[in-house]
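So you can see what is in the structure, the chains are spelled out below.
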Amino acid sequence: MKEPSPAEVALRGVCPRCGNRTLFAGLATFAPRCRACSLDFADFNVGDGPAAFLILIVGGLIVGLAIALELSAEPPFWVHILLWFPLATAAVIFSLRVAKALLLALEYRHRAREGQVKRDE
């Protein structure tokens, strides 16, 4: 079987080697290894970079939308709480899942590993 593209891995949550849906064990938690091909996902260091960037990006979008709603409709404060908190939470979790999967797929494709530098000799 052909290896899936990094975009396919990110959007579908599939293993970057075999393409089976075994990448995640939880909402945004990687499984220890692929149940189909035994690729060890613990070998990849995705880290907290995606979370930090996504919180800033989603936070900026939510604040901009909240300000636009406030200036155009002036809803009560409780409407902002009911609208923006769940929307921001869902946006961060979904985009975090996609970003982490994309980063893992790119690390797999380019054979990047923590603490290793590929040297041309």
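Data block above holds the structure.
Residues numbered from 1 in each chain as written. Predicted model: local features only at pLDDT ≥ 70, side-chain atom pairs only at ≥ 80, totals over all residues. Heavy atoms only, no water.

A. Layout of the nonpolar core. Formed by 19 residues in total, the largest nonpolar core has its most connected members in Leu23, Leu39, Phe41 and Leu104. Among the elements that take part in this core, helix α3 (residues 77-109) stands out by supplying 5 residues, more than any other. Those residues in contact with Leu104 that lie beyond four places of it in its chain are Pro16, Leu23, Phe30, Phe41, Phe44 and Val46. (Core = buried A, V, L, I, M, F, W, Y, C linked by side-chain atoms within 4.5 Å. Buried < 20%, exposed > 50% of the residue type's maximum accessible area, 1.4 Å probe, protein only. Helix = DSSP H or I, 4+ residues; strand = E, 2+ residues; numbered from the N terminus. Contact = heavy atoms within 4.5 Å.)

B. Representation of α3 within the structure. Here α3 is 33 residues long and its end C-alpha atoms lie 47 Å apart, about the 48 Å a rise of 1.5 Å per residue gives. Within α3 the residues assigned to the buried category are His80, Trp84, Ser95, Leu96, Val98, Lys100, Ala101, Leu104, Ala105, Glu107 and Tyr108. Contacts made by the buried residues of α3 are with α1 (6-12) and α2 (49-73). Trailing α3 by a residue or two, Arg111 shows a phi angle of about 55°, which is positive. (Expected span 1.5 Å × (residues − 1).)

C. Broad picture of the environment of Ala105. Looking at where Ala105 falls in the secondary structure, it is placed in helix α3. Classification of Ala105 by relative accessible area gives buried; the value is 3%. Distance in space between the C-alpha atoms of Ala105 and Ala68 is 37 Å, their sequence separation being 37 residues.

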